[in-house]
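Secondary and tertiary structure notes
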Amino acid sequence: MASKPDFIMAAPDDRIGDHFEHQAMACDRLGSPFTGSLCRALTRILEDTTHTGRRVLSWPGNPRWDALALRLCGGLHGLVLTGADAALSAVYPPSEADEDALVAVLPSAIARNDAVLSTALDSAPQTNETARSAMLLPGFLTIARETGLPLALNEIGSSAGLNMLFDRFHYAYGDLCWGDALSGARLTPEVTGRLPLLHGALEILSRQGCDIAPVDLTDEAARLRLRSYVWADQTDRLKRLDAAIAIAKRVEFSVETMNAAAFLRRQLAAHKEGAAFVLFHSIMWQYMSEREREDIRHLLKTAGRNATSAAPIAWLRMEAVAVADPFATLSLTLWPGGETRRLARCDFHGRSIEWLG
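What counts as what
Residues numbered from 1 in each chain as written. Predicted model: local features only at pLDDT ≥ 70, side-chain atom pairs only at ≥ 80, totals over all residues. Heavy atoms only, no water. Buried < 20%, exposed > 50% of the residue type's maximum accessible area, 1.4 Å probe, protein only. Helix = DSSP H or I, 4+ residues; strand = E, 2+ residues; numbered from the N terminus. Arc of directions from axis to C-beta. Polar contact = N/O pair within 3.5 Å; in protein donor to acceptor, adjacent residues only side chain to side chain. Phe/Tyr/Trp six-rings, centres within 6.5 Å; stacked < 30°, edge-to-face > 60°. Salt bridge = Lys/Arg side-chain N within 4 Å of Asp/Glu carboxyl O.

1. Quick word on helix α10 (residues 220–228)
In an α-helix, one turn spans 3.6 residues, which is why side chains three or four residues apart end up on the same side. Inspection of α10 places A222, L226 and S228 among the buried residues, and these make up the whole buried set. Across the axial projection of α10, the buried residues extend over an arc of 165°, all falling on one side. The residue sitting at the N-terminus of α10 and contributing the capping side-chain oxygen is D219; that oxygen lies 3.3 Å from the backbone nitrogen of A221.

See below:
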């Protein structure tokens, strides 16, 4: 029987190795074979001779919830993006290096950049995946059509706030297009079944968001960290991110350091007639405590009782309905009324949409 890799034997149990393998399978499924190979290579070479290795092997929290593998992958990609390690860059895309080639390079690369990589483990991944805007857009248009009012956007878990700029992107759903034809941020999701409904006027009155650790796009190091979490073989994602960052320089919006419930409470208190109040979020609900999720539900339900056609409230979210779901669901609750509708099934990264609404 083949022996287990040393790093798994050094761990208190198989949870770290299992986590890296599960992340590898997820990367394969989500169209990043390179990151899948990288995760598998790391399981073969990580050991306690470096500070980075020791931290990974003795990770105190839940490695899956903490996205431990992606923290390390992001740190390594950051070295490549800055050109800080030529030997590591040589086995990254566009090179077609296989897992064995990564195994040959990674130990020395980790040793050379131990302090930088160990520090990278402190930060949870933030991708601010702009492709999710293609999942959210039909929901925003539904709100605009049904209320006939401009939208006051309020996003929780905003990261850098790029999805609040969704109306400045260009979209193609098959032959159906929407948005700025000259935009550098171009989204082309696969459509399964019916095309989403994209008709109707849309006006954005304001764009405000919050995050417990917002990304400051004016800071070069913060921009690098955001780019580093994009998987290295997904160059289209990186191009979209760079285009959205360029758009952010020209559009007024804000992202505050604040927890979601406190932000929502304040924003609801300031809501006035003449606009549709829109709370929206995408793939962040799972990271909040149940206490805060319940606070948000209560705040919305309470405010919904007082909503009117002149001051409606909408809750648009792209989240998994159940933990085991292989897709996210685009759901909309609109007050007055408070009916919840499931509008679409969505790929978590925004690659495809199945319109239900």
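Moving on from the coordinates now.
2. Considering the packing of aromatic side chains
Counted by the stated rule, this structure contains seven aromatic pairs. Relative to F280, the ring of F140 lies with its centre 5.0 Å away and its plane at 85°, an arrangement referred to as edge-to-face. Of this pair, F140 sits in helix α9 (residues 133–147) while F280 is found in strand β8 (residues 276–282), placing the two residues 140 residues apart along the sequence. Across the pair, F280 and F140 agree in class, each one buried. On the numbers, 6.5 Å between centres and 40° between planes, the contact of F169 with Y171 is tilted. We note that F169, like Y171, is buried. Clustering of aromatic rings is evident, with ring pairs tying together F169, Y171, Y173 and W178.

3. Overview of the environment of I16
With respect to the helices and strands, I16 occurs in helix α2 (residues 15–29). Taking the C-alpha atoms as reference, I16 lies 6.7 Å from L57; in sequence the two are 41 residues apart.

4. Topic: the pattern of salt bridges
All chains considered together, the criterion is met by 18 salt bridges. Residue E129 is joined to R237 by a salt bridge in which the shortest nitrogen-to-oxygen separation is 2.6 Å. Highlighted residues: E129 in the loop between α8 (114–120) and α9 and R237 in helix α11 (residues 235–248), separated in sequence by 108 residues. R237 matches E129 in its accessibility class, with the two residues each being buried.

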